[in-house]
Amino acid sequence: MNEISSIAAQPAYSETARRLIARDPALFIDGAWTASTHGKTLPVIDPSTGKEIARIVDASDTDVDRAVAAARTAFDDGRWTGLAPYARARLIEKLADLLEAHTDELAELESIDNGKPMSLSGGYDLPRCVATLRYMAGWATKLAGQTIEPAMHPTGTFHSYVRREPIGVCAQIVPWNYPLMMAVQKVAVALAAGCTIVLKPAEQTSLTVLRLADLVAESGIPSGVLNIVTGLGETAGDRLVRHAYVDKVAFTGSTEVGKIINRAATDTLKRVTLELGGKSPVIVLPDVDIAATAAGAARSIFANAGQVCIAGSRLYAHRDVFDRLLEAVADNAKDWKVGPSLAPDTKMGPLVSAEQHERVLSYIDSGKKAGASVLTGGEALGGDGYFVSPTVLVDVKPDMKVVKEEIFGPVLVAQRFDDLDEVARAANDTPYGLAASVWTRDISAMHRLTAKIKAGMVWGNCPSGADIALPFGGYKQSGFGRENGSQGIEAYLETKTVSIML
């Protein structure tokens with residue numbers, strides 16, 4: 001168990017971070033920083049200390065309208081869509097170069113703002129951002145149409161073809177758990193497709209997305225192509241989703257908010273992509289390497305303090321290995337040193353906010369009251385920040401809240417099973433269907449089980465096989481549409497049929 005005394009003070013910020021945090025609140029509209037029309041702001045909290053460190057603009061309807069108008073003009077006048085695909089690709093590559101050059105400062109800013117350790121922000125998030133931009137830059141020159149011979153007209157009497165065109169102005173709303181990475185994942189594909197963008201980061205974690213605006217301007221991407229507004233989801237986000245000049249909405253976040261966005265977008269029949277919640281099963285068959293599987297299961301739930309949509313939060317272990325595996329997982333949990341985000345030895349940082357801290361602790365309390373046993377963790381840790389120990393709950397029942405609902409914290413619930421059909425039914429007994437992992441040396445059992453699981457992504461013998469070239473998204477209430485790969489860029493393109501009588 002992590003000791004309360006192990007939570008040290010947050011190390012001092014670098015001079016660069018202090019300078020970026022201290023700048024005046026502003027919005028990035030039409031290639032320039034601009035003040036809000038009403039001057040309202042929101043606090044920025046360092047979750048490692050619980051203290052306010054900055055303010056951001058709480059955008060008004062008028063602010064959102066200005067950003068959408070800039071994106072609309074930039075799309076309609078062809079300053080982005082009118083560029084040669086190769087020229088767009090080169091500018092996206094330039095943006096990737098700039099992110100790579102500023103990796104250290106962006107990683108620090110992300111860790112301060114979100115609470116994730118530097119090993120994660122600098123070792124995973126930023127490299128993934130750079131790779132995503134480079135990968136999507138390649139797609140800008142590969143969006144081909146198709147020539148089709150009509151079936152009902154004599155050969156040679158019509159010239160018919162299909163064009164793929166950018167969908168238009170995109171409202172992109174990103175979550176607080178991977179602020180910059182999720183922003184770049186959405187921005188890169190929209191830019192490659194030739195769209196223009198209004199991007200809204202989560203109000204809890206806007207600092208790196210605002211810094212991204214500086215790099216967009218430096219890259220040479222034309223003004224108005226990418227605009228950034230900060231503010232609350234129920235105000236700025238809602239205005240964006242309902243705006244008549246927005247053609248597509250892409251949202252990553254909770255299922256409940258996704259439902260609201262989907263309803264709001266129907267008035268103007270916008271295209272919508274939703275990547276929502278998850279309650280992903282980790283299924284362990286009896287032939288596994290216990291140590292490797294336990295380490296993978298721990299990483300799947302404790303990375304980023306469990307604040308991951310694909311987190312493996314439900315562990316189903318075969319009865320023959322359950323006790324040994326859970327003992328190994330509990331041992332792994334003790335190695336996830338909890339601490340402030342900038343401390344070099346921190347492996348798991350705080351939760352993102354006081355609200356999230358309270359939410360996770362209330363779920364743990366709910367599980368204990370319902371009869372679950374705490375194998376390890378299960379408590380708040382000392383200090384001024386929002387720290388919770390890595391937690392494993394056993395003796396859980398399928399109808400418990402901790403099993404049914406997405407906790408979005410470092411809480412693993414573990415159950416036994418006896419056969420493949422039984423565990424498939426248990427894995428699918430959820431409104432979610434985002435991801436799953438299966439651990440076994442039996443390749444036949446692996447394929448039989450993955451065919452039964454109702455999830456958008458299934459990984460074998462690893463906590464996650466997510467990749468920028470592979471489609472990412474879920475079944476059921478985990479959303480619809482896909483990001484990444486060729487399927488991701490299709491979501492940003494319209495299909496136009498042209499048929500000319502000769």
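Look up a bit, the structure's there.
Residues numbered from 1 in each chain as written. Predicted model: local features only at pLDDT ≥ 70, side-chain atom pairs only at ≥ 80, totals over all residues. Heavy atoms only, no water.

Peer 1: Got a sec to walk through the environment of Ala236? Specific residues and values, please.
Peer 2: Position of Ala236 among the secondary structure elements: in helix α8 (residues 233–242). Sequence-distant contacts of Ala236, defined by excluding residues within four places in its chain, comprise Ala59, Val64, Lys200, Thr230 and Gly231. (Helix = DSSP H or I, 4+ residues; strand = E, 2+ residues; numbered from the N terminus. Contact = heavy atoms within 4.5 Å.)

Peer 1: Describe the sheet that holds strand β12 (residues 280–284), with residues and values.
Peer 2: Here we have 7 strands laid out as an open sheet, ordered β14-β15-β16-β13-β12-β18-β19, and mixed in their pairing. Of all strands in the sheet, those with a lone pairing partner are β14 (373–376) and β19 (457–460), marking the two edges. The average undirected angle you get between the axes of adjacent strands in this sheet is 25 degrees. Both strand β13 (residues 312–318) and strand β16 (residues 411–417) contribute to a ladder of 5 bridges, which runs parallel. Across the sheet, Tyr316 pairs through a bridge with Gln415, a residue of β16. Against the sheet, helix α14 (residues 420–428) engages β12, β13 and β16, with an angle of about 165 degrees to β13. (Pairing = 2+ DSSP bridges. Axes fitted to C-alpha atoms, helices over the stretch in contact; angles between N-to-C directions.)

Peer 1: An account of helix α15 (residues 443–452) is needed here, citing residue identities and associated values.
Peer 2: For α15, the full list of buried residues reads Ala445, Met446 and Leu449. Relative to the axis of α15, the buried residues are bounded by an arc of 105 degrees and lie together on one face. Counted as exposed and oriented over 90 degrees from the buried face of α15: Ile443, His447 and Ala451. Here the buried face of α15 lies against β12, α14, β18 (435–439) and β19. With a side-chain oxygen positioned 3.1 Å from the backbone nitrogen of Ser444, the residue opening α15 is Asp442. (Buried < 20%, exposed > 50% of the residue type's maximum accessible area, 1.4 Å probe, protein only. Arc of directions from axis to C-beta. Polar contact = N/O pair within 3.5 Å; in protein donor to acceptor, adjacent residues only side chain to side chain.)

Peer 1: Explain the packing of aromatic side chains to me, and be specific about the residues and the numbers.
Peer 2: In total, this model carries 3 aromatic pairs according to the counting rule given. Note that Lys347 overlies the ring of Trp336, its terminal NZ or CZ placed 4.4 Å from the centroid. (Phe/Tyr/Trp six-rings, centres within 6.5 Å; stacked < 30°, edge-to-face > 60°. Lys NZ or Arg CZ within 6 Å of the ring centre and 35° of its normal.)

Peer 1: How would you sum up the pattern of salt bridges? Please name residues and give values.
Peer 2: Side chains that differ in sign of charge can pair as their charged atoms come close. Tallied over the full model, the rule gives 32 salt bridges. A salt bridge links Asp384 to Lys51; the shortest N-O distance between them is 3.4 Å. On the criterion of sequence distance, the pair formed by Asp384 in the loop between β14 and β15 (391–394) and Lys51 in strand β4 (residues 51–57) is long-range, its members being 333 residues apart. Residue Asp384 is classed as exposed on the basis of its relative accessible area, which comes to 56%. Judged by relative accessible area, Lys51 falls into the partly exposed class, the value being 46%. For Glu256, the salt bridge is made with Lys259, and the minimal N-O distance between the two is 3.6 Å. One end of the pair, Glu256, and the other, Lys259, are both in helix α9 (residues 255–265), 3 residues apart, so they sit about a helical turn from each other. A cluster of three or more residues bridged by salt bridges with shared partners is formed by Arg23, Glu105, Arg211 and Asp214. (Salt bridge = Lys/Arg side-chain N within 4 Å of Asp/Glu carboxyl O.)

Peer 1: Please set out the packing of helix α2 (residues 61–76) against α8 residue by residue, giving values where relevant.
Peer 2: Where α2 contacts α8, the two axes come as close as 9 Å, and the packing angle between them is 40 degrees. Considered as vectors, α2 and α8 are oriented oblique to each other. In this structure, α2 crosses over α8, and the sense of that crossing is right-handed. Contact with α2, carried on its side by Asp61, Val64, Asp65 and Val68, involves Ala236, Arg239 and Leu240 of α8 and no other residues of that element. (Parallel < 35°, antiparallel > 145°, perpendicular 65-115°, else oblique. Left-handed = near helix turned anticlockwise from the far one by under 90°.)

Peer 1: Go over the environment of Thr37 with me, naming the residues and quoting the values.
Peer 2: With respect to the helices and strands, Thr37 occurs in the loop between β2 (32–34) and β3 (41–46). On the accessibility criterion, Thr37 (46% relative accessible area) is partly exposed. For Thr37 and Val57, which are 20 residues apart along the polypeptide, the C-alpha to C-alpha distance reads 9.9 Å. With residues near it in sequence (within four places) discarded, Thr37 still touches Ser60, Thr62, Asp63 and Arg66. Looking at Thr37, its side chain comes within polar contact range of the side chain of Ser60, at 2.7 Å.

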